[in-house]
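Each chain, written out:
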Amino acid sequence: MLRRLDKVVPQHVVIAGAGPAGLMAAHELIKAGTRVTILEKRPSLGGLGGTTVFEGRHGTYRFDFGGHRFITHSPDLLRLVDDLVGDDLLTATRRSVIRLGGRTYAYPLAPLDLLRNAPPKLLAGAAFDLTKRMMRPKNPAGADFASWTESRFGRTLYRTFFAGYTEKLWGIPPDRLSADWAEQRISLVDIRDVFRRLLPGAADNPRTYARSYRYPRHGFGVIFQRLAERLAKEGASIRTGVSVTGFGIEHGHIARVLTDNGPIGCDAVISTLPLPEMVRMTGSKANLRFRGLRFLNFCMAVPDVSPWTWQYLSDPDIVGTRLQEPRRRSPDMAPPGMSSLMMEIPCDPGDELWTMPDDPLFARIRGDLVSLGIDPSRVTGEMFSARAATAYPLMTLDYRTERNRALAHLCKIPNLVQCGRQGTFRYIFTDTAMEMGQMAAKTLLAGDDRRAAIYEHRNEKTVIEAESVA
Ligand SMILES: Cc1cc2nc3c(=O)[nH]c(=O)nc-3n(C[C@H](O)[C@H](O)[C@H](O)COP(=O)(O)OP(=O)(O)OC[C@H]3O[C@@H](n4cnc5c(N)ncnc54)[C@H](O)[C@@H]3O)c2cc1C
């Protein structure tokens, strides 16, 4: 039997955050006739799923926060996105590579490509590890990223492709990271999978990798811009530039949401705010941290920089972790005859890479571009940075205990439902965040306490991309 969430069905719900989760929660509540106020601290909507428009000398460029693709397990969600974006919803093919030590490898690692491109020492090491793995297939994996990955791929591939990249991305050594991230994100199962695909008749695509995906012609953010327009027409009050700063709690219930623009009375709250921030605003503490990202976006005076959507930059001495060419997703991401690049640079709010002005940062990555075969003299000089302070939940070894404690703390407030990527401290894709938003609305409407199910939604230990319908 589910516990009753709260005594009354709410008439007015405040939604904190206008990212994919918050907007989908509003969509569900409005359908049921509930009054909704959405509060968003940024001037724009869509959260990490938004797209920034940049007017350059040669026309309009568009940049996502790191280049998003829409993949989903849910035909209903795909139908909604189709309906919102219409003919502007393209089907794109992902073409990604790993750049390392002056060489270019297929991403995910592919056996024939490895045989063609890897230096003999690497191949000999990988072959030795494979033989060992065949003889001792049940190599126990540890709870940390380093031992999990090494037990599956062997020491050589782990050290070459994973160790340096992972430390650069997360800012901590891989043996202090939980294996949870590897379990959901590594697009191969183990070293035998890499080589099994050499056999005649084997599928070319690893079972955990979605090659094609949906993408709106004018950037990922169009999905959420259109959704917000629809919500506004249907009566939602959407207030941008308003930060939630705390909660007025009476008899254990949230009676008011406090903002930098005054308090707002409500019957219930759906929050997509970062979990540690929510815990702090409700009078406790959570030892949970995020890794930030800075995106250096710049325009290129060439029609095409490369054939690749993403380049994973594995060399530890290159500052960025990924380089993206938005035009590879949709031709309309840059004006005709021009292109653009986005360098994804992991850092933390306030550190040197976070605060450095664009010009010196570009001077610093200039040499990296040259080493990647990109001519910096074709950069037009037009550039800007976007920053995401809470891009990745930092999954340290003990993060689960802290996360569970934080969620249990918030569950003491019966008219509060927490959801979304930062909200539940989960490394999830947009579709899961959208589904969480819908679930949050449904639990308020039904009055049953389904919050535990929301927090673990799609938490099966399979790779996220498997069986995508897009
Ligand atoms: C680099 C990168 C690449 C990604 N690529 C993909 C991809 O290819 N495909 C995919 O499906 N997903 C991708 N994702 C994940 C996707 O961005 C998220 O799953 C999704 O945006 C989560 O939605 P959300 O609503 O939970 O959170 P968010 O999008 O972060 O929305 C939360 C909102 O809350 C607002 N907010 C925060 N604090 C306050 C406050 N105090 N008051 C008011 N508002 C506040 C924020 O400004 C934000 O708008 C990627 C993420 C990153 C970082």
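Residues numbered from 1 in each chain as written. Predicted model: local features only at pLDDT ≥ 70, side-chain atom pairs only at ≥ 80, totals over all residues.

Draft legend 1. Structural detail: the site of the ligand. Around the ligand, a shell composed of 35 residues is seen, among which Gly 17, Gly 19, Gly 47, Gly 66 and Gly 420 lie nearest. Of all the secondary-structure elements, those providing two or more residues to the shell around the ligand are helix H1 (20-31), strand E2 (35-40), strand E18 (379-393), helix H13 (421-424) and helix H14 (430-446). Residues belonging to the shell around the ligand are distributed by class as follows: 16 nonpolar, 13 polar and six charged. Among the domains, domain 1 (12-41 + 241-286 + 396-455) and domain 2 (50-66 + 290-393) are the pair contributing at least three residues each to the shell around the ligand. (Near = placed C-beta within 6 Å. Helix = DSSP H or I, 4+ residues; strand = E, 2+ residues; numbered from the N terminus. Nonpolar A, V, L, I, M, F, W, Y, C, P; charged D, E, K, R; others polar. Domains from an automatic or database assignment.)

Draft legend 2. The arrangement of helix H5 (residues 145-170) in detail. If you check H5, its first and last C-alpha atoms are just 11 Å apart, much less than what 26 residues at 1.5 Å a residue would give, namely 38 Å. By the largest-angle criterion, Gly 154 marks the main kink of H5, which is about 125 degrees. Count one or two residues on from H5 and you reach Gly 171, which has phi positive near 75 degrees. (Expected span 1.5 Å × (residues − 1). Bend = angle between axes of the 7 residues up to and from the residue.)

Draft legend 3. Representation of the packing of H1 against H14. Across the interface, H1 lies against H14 with an axial gap of 7 Å and an inter-helix angle of 40 degrees. When the axis of H1 is compared with that of H14, the two are oblique. Relative to H14, the crossing made by H1 is right-handed. Contacts from Pro 20, Ala 21, Gly 22, Leu 23, Met 24, Ala 25, Glu 28 and Leu 29 of H1 reach H14 at Thr 430, Ala 433, Met 434, Met 436, Gly 437, Gln 438, Ala 440, Ala 441 and Lys 442. Broken down by class, the residue content of the contact of H1 with H14 amounts to 11 nonpolar, four polar and two charged. (Axes fitted to C-alpha atoms, helices over the stretch in contact; angles between N-to-C directions. Parallel < 35°, antiparallel > 145°, perpendicular 65-115°, else oblique. Left-handed = near helix turned anticlockwise from the far one by under 90°. Contact = placed C-beta atoms within 7 Å.)

Draft legend 4. A look at the packing of H1 against helix H8 (residues 222-233). Two elements in contact, H1 and H8, have axes whose closest approach is 10 Å; the angle formed by their N-to-C orientations is 30 degrees. When the axis of H1 is compared with that of H8, the two are roughly parallel. Here the hand of the crossing between H1 and H8 comes out left-handed. Contacts between H1 and H8 pair Pro 20, Leu 23, Ala 26, His 27 and Ile 30 from the former with Phe 224, Leu 227, Ala 228 and Leu 231 from the latter. In the contact of H1 with H8, the residues fall into eight nonpolar, one polar and no charged.

Draft legend 5. Looking closely at the sheet that holds E2. What the five strands build is an open sheet, ordered E9-E2-E1-E13-E19; its pairing is parallel. Since the sheet does not close on itself, it has two edges, and those belong to strand E9 (237-240) and strand E19 (416-418), each with one partner. With strand direction ignored, the average angle separating the axes of adjacent strands in the sheet is 15 degrees. The pairing of E2 with E9 spans four bridges and is classified as parallel. Residue pairing for E9: Thr 37 is matched across the bridge by Ser 237. (Pairing = 2+ DSSP bridges.)

Draft legend 6. Spatial organisation of the pairing of E2. Both strand E1 (residues 12-16) and E2 contribute to a ladder of five bridges, which runs parallel. The partner of His 12 across the bridge, within E2, is Arg 35.

Draft legend 7. Spatial organisation of the environment of Leu 445. In this structure, Leu 445 sits in helix H14. On the basis of neighbour counts, which here come to 19 C-beta atoms within 10 Å, the residue Leu 445 falls in the partly exposed class. C-alpha separation for the pair Leu 445 and Val 8, spaced 437 residues apart in sequence, amounts to 9.3 Å. If sequence neighbours within four positions are ignored, Leu 445 has contacts with Val 9 and Ala 32. (Buried ≥ 20, exposed ≤ 12 C-beta atoms within 10 Å, placed from the backbone.)

Draft legend 8. Structural view of unusual backbone geometry. In this structure, Pro 108 follows Tyr 107 across a cis peptide bond, with omega equal to -5 degrees. A positive phi angle, near 50 degrees, is found at His 251, a position not held by glycine. Along the chain, His 251 falls in the loop between strand E10 (244-250) and strand E11 (253-259). Look at His 251 and you get exposed, because 5 C-beta atoms sit within 10 Å. The backbone of Phe 425 sits at a positive phi, close to 55 degrees, despite the residue not being glycine. In this fold, Phe 425 is placed in the loop between H13 and H14.

Draft legend 9. How the structure looks around the nonpolar core. Counting 65 residues, the largest nonpolar core has Val 13, Val 269 and Ala 440 as the members making the most contacts within it. The element best represented in this core is H14, accounting for seven residues. For Val 269, the residues in contact, after removing those within four places along its chain, are Val 13, Val 14, Ala 16, Ile 254, Val 257, Asn 415 and Leu 416. (Core = buried A, V, L, I, M, F, W, Y, C linked by C-beta atoms within 7 Å.)

By themselves, these figures tell us nothing about what the structure is for.
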